[in-house]
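Here are the chains, one letter per residue:
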Amino acid sequence: MAERVFEVNRISFSRNYLPPEGAAHKKALHLTVKCEGYYSKSIMLDGGPEVDICPLSTLQRKEIGTKRIKPNNVCMRAFDGVNRDTIGEIDLILTIGPVDFEVTFQVLDMDTYYNFLLRRPWIHAAGAVPSTLHQMVKFEHENQEIVVHGEDEQSIYRDPSIP
């Protein structure tokens, strides 16, 4: 009986899920999500350190008030190896697939090639399983498996309203 329960709640990937170019691709996993009423492209999923990151420029472009940023004393090591102090943290609602998540982001004033960086805090809170190989993330919500595909130039999920 226990085997059946585990079988139902199992997230898996197969070769059928590989992108058209197969396993040879070198793409990072980027999603398009909705944040505070705006669609956002270039949301990078990365299983790295224990903070989710929002560049200050993303908040400014989305006209999300910086007054919502709560000061803190967090210092992070950026990709370039330089230690940087955060401006603070902000709680934002992200809609990923059909599910809303409240995510606490550390706000950094630096140039990035992503709009948000979702890391272990969101991945673990959502019970998500990202696969850069398969270019998708899967998680369970209300006993259903949710599959969110990564961005692709020919994606059928494109919405012309996404800036």
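Refer to the structure printed above.
A.B. asks: Help me understand the overall build of the chain in this model?
C.D. replies: If you tally the helices and strands in the chain, you get 3 helices and 11 strands. Each helix and strand of the chain, placed in order from N terminus to C terminus, yields the pattern α-β-β-β-α-β-β-β-β-β-α-β-β-β. Looking at the chain residue by residue over its 163 residues, the buried ones come to 39%. Partitioning the intrachain contacts of the chain with sequence separation of at least 6 by distance along the chain shows that 59% fall at a separation of at least 24. For the chain, the exposed surface amounts to about 10000 Å²; the carbon and sulfur share of it is 49%.

A.B. asks: How do you make sense of the pattern of salt bridges when you look at a structure like this?
C.D. replies: Close approach of charged atoms allows side chains of opposite charge to pair. Applying the stated rule across the entire model yields 5 salt bridges. Between Glu36 and Arg68 there is a salt bridge whose closest N-O contact spans 3.1 Å. Of this pair, Glu36 sits in the loop between β1 (29-35) and β2 (38-45) while Arg68 sits in the loop between α2 (56-61) and β4 (75-77), and the two are 32 residues apart along the sequence. You can call Glu36 partly exposed: its relative accessible area is 32%. Arg119 is the salt-bridge partner of Asp46, the closest N and O atoms lying 2.9 Å from each other. With Asp46 in the loop between β2 and β3 (52-55) and Arg119 in the loop between β8 (116-118) and α3 (120-126), the pair connects residues that are 73 residues apart, well separated along the chain.

A.B. asks: Got a minute to help me understand the packing of aromatic side chains in this structure?
C.D. replies: For any pair of aromatic rings, the description consists of the separation of the ring centres together with the inter-plane angle of the planes. If you walk through the whole model with that rule in mind, you get 6 aromatic pairs. Taking the centre distance of 5.5 Å and the plane angle of 75 degrees together, the rings of Phe101 and Phe139 count as edge-to-face. Placement of the pair is Phe101 in strand β7 (residues 99-108) and Phe139 in strand β10 (residues 136-141), with a sequence separation of 38 residues. Both residues of the pair, Phe101 and Phe139, belong to the buried class. Judged by centre distance (6.2 Å) and plane angle (85 degrees), the ring pair of Trp122 and Phe139 falls under edge-to-face. Note that Trp122 is positioned in helix α3 and Phe139 in strand β10, a separation of 17 residues in sequence. Summarising the burial analysis for this pair, Trp122 and Phe139 share the class buried. It is Lys138 that lies over the ring of Phe13; its NZ or CZ is 4.7 Å from the centre.

A.B. asks: Just to check I follow, could you spell out the environment of Phe139 for this structure?
C.D. replies: A relative accessible area of 1% places Phe139 in the buried class. Phe139 sits 16 residues away from Ile123 along the chain, and the two C-alpha atoms are 9.0 Å apart. Among all residues touching Phe139, those that are not within four sequence positions of it are Ile11, Ile96, Val99, Phe101, Ala126, Gly127, Ala128, Gln144, Glu145, Ile146 and Val148.

Scoring rules and cut-offs
Residues numbered from 1 in each chain as written. Predicted model: local features only at pLDDT ≥ 70, side-chain atom pairs only at ≥ 80, totals over all residues. Heavy atoms only, no water. Helix = DSSP H or I, 4+ residues; strand = E, 2+ residues; numbered from the N terminus. Buried < 20%, exposed > 50% of the residue type's maximum accessible area, 1.4 Å probe, protein only. Contact = heavy atoms within 4.5 Å. Areas by Shrake-Rupley, 256 points an atom, 1.4 Å probe, with all protein chains shown as cover. Salt bridge = Lys/Arg side-chain N within 4 Å of Asp/Glu carboxyl O. Phe/Tyr/Trp six-rings, centres within 6.5 Å; stacked < 30°, edge-to-face > 60°. Lys NZ or Arg CZ within 6 Å of the ring centre and 35° of its normal.

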